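A look at the structure
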Amino acid sequence: MLLFGSGFIHEVMGQHEHSEALQRLFDEGLYWETQNSDSALSRYRSAFVLAESLEDTLGMGRAWLYQGMVWSDVLHYDSANFFYQQALPFFDAIAYKKGIASVYINSGNLSQYQGNYGKAVDDYLLGISFLEDIQDLKSLATSYGNLANIFNDIYQLDQAKFYFNKALEISKVLGDSLDMAFAFQGISSVLLRDQQLGLAEIYLDSLTELAHHLNFPFLDLQHAFAQVELALEKKEFDKASAPAKVSLQKAIELGNPYYLSAAHYFVGKVHLEEGRLDAAATQLNLAEQYARDVQAKEYLISAYKGLFELYKKKGQFAEALSYLEAYELYYDSMMNQNQRWKVNELERKFASEVKDKELLQNRVSLDQANFQLLKKKNQNQLLTFLVLGFFLTAMLLWYLLRLRQKKKNQEILNLKREHQIKTLESLIKGEEKERLRISKELHDGVNGDLSAVKFMLTGLLEKNNRILQEAVLMIDKSCEQVRALSHNLVPPSLEKFSLVEAIQDYCRKMNEVQEAEIIFQHIGACDALSKNTELNLLRIAQELVNNAIKHAQAKEITVQISCYGNQIQLTVEDDGIGFDPSIDHEGIGLQNIRSRVDYLEGTLDIHSDEKGSSFVIECQPKENEDD
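Predicted model, so just to flag it, every value in this text is computed and none were measured.

**Focus: the pattern of salt bridges**
- Tallying each qualifying case throughout the model produces 21 salt bridges.
- Here Lys 239 ties to Glu 236 by a salt bridge, and the two come within 3.6 Å at their closest N and O atoms.
- Relative accessible area serves as the criterion here: at 53%, Lys 239 is assigned to the exposed category.
- A salt bridge links Lys 269 to Glu 309, with the shortest nitrogen-to-oxygen separation between them at 2.8 Å. Of this pair, Lys 269 sits in helix α14 (residues 257-274) while Glu 309 sits in helix α16 (residues 297-314), placing them 40 residues apart in sequence.

**Observations concerning the sheet that holds strand β3 (residues 567-574)**
- As summarised here, the arrangement of the 5 strands in space is β1-β2-β3-β5-β4, forming an open sheet in which the pairing is mixed. Every other strand in the sheet has two partners, leaving β1 (517-523) and β4 (603-609) as the edge strands with one partner each. For this sheet, the mean inter-axis angle between neighbouring strands, taken without regard to orientation, is 10 degrees.
- Where β4 lies against strand β5 (residues 612-619), 7 bridges are found, and the strand directions are antiparallel. In the sheet register, Asp 609 faces β5, and the bridge partner there is Gly 612.
- Contacts from helix α21 (residues 499-513) reach β1, β2 (556-564) and β3, with the element oriented near 165 degrees to β1.
- The strands touched by helix α22 (residues 531-550) within the sheet are β1, β2, β3 and β5, with β3 carrying the most contacts at an inclination of about 10 degrees.

**As for unusual backbone geometry**
- Phi angles above zero are rare outside glycine, and Leu 75 is one such case at about 70 degrees.
- Structurally, Leu 75 is set in the loop between α4 (57-73) and α5 (77-93).
- Of note, the phi angle at Gln 135 is positive, near 55 degrees, even though the residue is not glycine.
- For Gln 135, the position within the fold is in the loop between α7 (117-134) and α8 (137-153).

**Structural notes on a nonpolar patch on the surface**
- A cluster of nonpolar side chains, Leu 388, Phe 391, Leu 392, Met 395, Leu 396, Trp 398, Tyr 399, Leu 400 and Leu 403, forms an exposed patch at the surface whose accessible area comes to about 910 Å².
- Tracing the sequence through the fold places Leu 400 in helix α18 (residues 366-460).

**Considerations on the packing of aromatic side chains**
- Within this structure, the stated rule accounts for 21 aromatic pairs.
- Ring plane angle 85 degrees and centroid distance 6.4 Å describe the contact between Trp 64 and Phe 82, whose orientation is recorded as edge-to-face. Here the residue Trp 64 occupies a position in helix α4, and Phe 82 occupies one in helix α5, the gap between them amounting to 18 residues.
- The exposure class of Trp 64 is buried, given its relative accessible area of 15%.
- Note on Phe 162 and Tyr 163: the rings are 5.0 Å apart at their centroids and 80 degrees apart in plane angle, and the pair reads as edge-to-face.
- The buried category is assigned to Tyr 163, whose relative accessible area is 15%.

**Notes on the packing of α14 against helix α15 (residues 277-293)**
- At their nearest, the axes of α14 and α15 sit 7 Å apart, and the two run at 160 degrees to each other. Classified by the interaxial angle, the pair formed by α14 and α15 is roughly antiparallel. The chirality of how α14 crosses α15 is left-handed. Every residue of α15 that contacts α14 at Pro 257, Leu 260, Ser 261, His 264, Tyr 265, Val 267, Gly 268, Lys 269, His 271 and Leu 272 is listed here: Leu 277, Ala 279, Ala 280, Gln 283, Leu 284, Leu 286, Ala 287, Tyr 290 and Ala 291.
- Split into classes, the residues belonging to the contact of α14 with α15 amount to 13 nonpolar, 5 polar and 1 charged.

**Some thoughts on the confidence of the model for the chain**
- Mean pLDDT over the chain stands at 80; residues scoring 70 or higher make up 78%.
- Taken element by element, the chain is modelled with least confidence in helix α1 (residues 6-13), mean pLDDT 42, and with most confidence in β5, mean pLDDT 94.
- The low-confidence segment residues 1-15, where pLDDT is below 50, has 51 contacts with residues more than four positions distant or belonging to other chains.
- Note on residues 349-357: pLDDT is under 50 here. Beyond four places in sequence and across chains, it has 0 contacts.

**Quick word on helix α2 (residues 20-33)**
- Between its terminal C-alpha atoms α2 stretches 20 Å, which fits the 20 Å expected from 14 residues at 1.5 Å a residue.
- Within the span of α2, buried status applies to Leu 22, Leu 25, Phe 26, Gly 29 and Glu 33. One side of α2 holds all its buried residues, which, seen down the axis, span an arc of 100 degrees.

**Remarks on the environment of Pro 89**
- Along the chain, Pro 89 turns up in helix α5.
- In the structure, Pro 89 is positioned 32 residues away from Thr 57 in sequence and 9.5 Å away in space, judged by C-alpha atoms.

**Topic: the nonpolar core**
- Grouped together as the largest cluster of nonpolar side chains are 110 residues, with contacts concentrated most on Leu 65, Phe 91, Tyr 258 and Leu 310.
- Ranked by the residues each element gives to this core, the list is headed by α14, at 10 residues.
- Other than its neighbours up to four places away in sequence, Tyr 258 contacts Leu 75, Tyr 77, Tyr 113, Val 294, Ala 296 and Tyr 299.
- In terms of nonpolar packing, the next biggest core, distinct from the first, is built from 36 residues, Cys 526, Leu 529, Ile 561 and Leu 570 among them.

**A word on the packing of helix α3 (residues 37-53) against α4**
- At a closest axis distance of 8 Å, the pairing of α3 and α4 adopts a crossing angle of 165 degrees. The angle between α3 and α4 falls in the class roughly antiparallel. Of the two possible hands of crossing, α3 and α4 adopt the one that is left-handed. Along the contact surface, α3 presents Ser 37, Ala 40, Leu 41, Tyr 44, Arg 45, Ala 47, Phe 48, Ala 51 and Glu 52, while α4 presents Gly 59, Met 60, Ala 63, Trp 64, Tyr 66, Gln 67, Val 70 and Trp 71.
- Of the residues in the contact of α3 with α4, the class split is 12 nonpolar, 3 polar and 2 charged.

Parameters at a glance
- Residues numbered from 1 in each chain as written.
- Predicted model: local features only at pLDDT ≥ 70, side-chain atom pairs only at ≥ 80, totals over all residues.
- Heavy atoms only, no water.
- Salt bridge = Lys/Arg side-chain N within 4 Å of Asp/Glu carboxyl O.
- Buried < 20%, exposed > 50% of the residue type's maximum accessible area, 1.4 Å probe, protein only.
- Helix = DSSP H or I, 4+ residues; strand = E, 2+ residues; numbered from the N terminus.
- Pairing = 2+ DSSP bridges.
- Axes fitted to C-alpha atoms, helices over the stretch in contact; angles between N-to-C directions.
- Contact = heavy atoms within 4.5 Å.
- Patch = residues over 30% accessible without salt bridge, like charges linked within 9 Å, V, L, I, M, F, W, Y side chains within 5 Å.
- Areas by Shrake-Rupley, 256 points an atom, 1.4 Å probe, with all protein chains shown as cover.
- Phe/Tyr/Trp six-rings, centres within 6.5 Å; stacked < 30°, edge-to-face > 60°.
- Parallel < 35°, antiparallel > 145°, perpendicular 65-115°, else oblique.
- Left-handed = near helix turned anticlockwise from the far one by under 90°.
- Nonpolar A, V, L, I, M, F, W, Y, C, P; charged D, E, K, R; others polar.
- pLDDT = per-residue confidence, 0-100.
- Expected span 1.5 Å × (residues − 1).
- Arc of directions from axis to C-beta.
- Core = buried A, V, L, I, M, F, W, Y, C linked by side-chain atoms within 4.5 Å.

And the structure:
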């Protein structure tokens with residue numbers, strides 16, 4: 001998180017006097033920066049033209065620099081870098097070190113936004129060197145903190161801790177509570193990554209105490225982030241929810257896509273740990289979207305990791321694998337940049353040591369030095385080629401082995417899945433055949449016998465025998481019950497009508513024979529579904545409605561079927577007594593429901609408490625599946 005912003009630059013540059021008209025243009029540009037970027041750019045362009053006519057070198061540098069800041073605020077980084085580079089020669093011409101430092105540090109900000117951490121570090125170190133020359137302590141405290149944040153992002157924890165402590169020391173000398181708070185937050189973050197949770201909590205307590213006395217939204221955001229990170233590391237997920245919500249509220253107020261991405265990630269991570277997978281998916285997808293919009297690699301890495309864990313928990317391994325690969329790609333890219341920065345740092349140290357030795361030792365003859373240098377160069381080249389060849393060979397072998405293992409693992413998973421589906425399909429088809437057999441026996445056998453008895457008894461009714469009349473009525477009711485049972489076993493509505501009409505007909509008939517009110521709703525057109533899919537969804541709806549009546553003692557039951565795109569969703573809700581889904585007390589009915597959902601390759605989400613129960617089934621039906 002960067003703390004260095006245009007407000008600092010305007011403050012230090014405002015200490016230099018310009019003509020009244022030029023100063024007015026700068027002041028108006030500063031006002032419009034937070035209101036309308038086009039208006040701000042227009043003021044700064046006019047300021048450059050006026051400064052050029054007045055031969056005001058500092059004014060021309062400021063005009064270029066401020067335009068770069070506006071472009072950076074609206075996320076046009078290439079344009080921002082162009083204007084920063086245009087400003088540099090003007091500050092060099094008048095040896096204005098604070099302006100030069102501002103150019104390098106703002107360029108470092110751009111590099112960090114774009115994930116180029118090596119260049120960001122180099123630019124910051126250059127800018128800091130100019131600030132150290134003029135001993136601008138306030139600017140140094142802020143810059144040390146920003147540089148430490150860059151090192152923290154690339155897991156260079158020792159360097160991050162070093163610069164955070166330098167920022168803390170200066171802020172204590174100046175008595176600057178805000179910079180002290182940011183330093184406490186940064187040190188706490190480093191200690192969390194280093195798994196020093198006890199020390200991290202101490203620094204977080206110091207941050208909390210300062211944050212309560214300061215009214216600064218960005219500090220409140222960083223404070224909330226630190227609280228969430230600590231709670232997640234300590235596995236205290238109940239303590240992570242509140243600060244996660246605060247962080248999202250503050251991020252929305254600030255409107256910065258970087259902070260929005262981080263806040264949505266933390267809220268999604270908390271939902272994931274709480275088991276609220278759908279809510280977690282929404283938040284993590286938003287985190288990925290914001291991070292992708294501004295190409296923030298560190299936030300994309302977090303979002304991809306969270307989405308991998310989410311789909312792994314959901315059992316959707318194909319999606320989980322795709323996000324894992326994206327996570328590894330971006331993480332490896334960031335680590336490679338980190339490694340390149342380390343190499344450059346070592347080269348700089350090596351060059352410095354060589355230079356020192358050259359000052360202490362006498363030079364040998366030029367011919368001998370050239371010969372030794374050429375010999376060493378050839379040796380180094382040979383050694384480099386050998387090492388590079390060995391490394392590339394090892395990497396290729398490792399990659400091939402890993403690819404082969406992944407392929408084998410996927411084949412095993414596919415075979416297991418096919419076996420499970422075939423087993424479920426056989427069980428369900430066997431059950432339906434048995435239902436058909438029993439239905440025919442009831443309809444053709446028992447129902448026929450009852451009808452014959454009714455016919456014989458009707459002939460005796462001419463004698464006005466009351467007892468025989470009651471017997472005939474009882475036989476009529478028995479026939480109706482047998483017919484209803486036969487239809488429930490093999491519903492004729494599915495043979496003639498669609499799934500929506502079949503479920504609607506079932507709900508209507510159930511409303512006629514029992515007290516609970518059953519409400520049916522449907523959204524979208526559920527077309528082109530196979531009979532297997534329709535039959536399994538109908539059986540699931542029947543089982544859930546029967547459970548609500550029989551076990552939940554529900555007074556109102558809602559059955560809803562929704563079709564959108566290639567997705568179909570069946571929802572059954574009731575206001576019954578509910579049950580605890582975490583306790584393993586599933587009966588045959590719920591086990592059958594899970595089997596049918598597995599056969600459809602769908603998902604089942606259960607939520608139940610004392611106010612009622614909710615069952616949500618989602619699947620992607622196969623349109624051309626054989627019945």
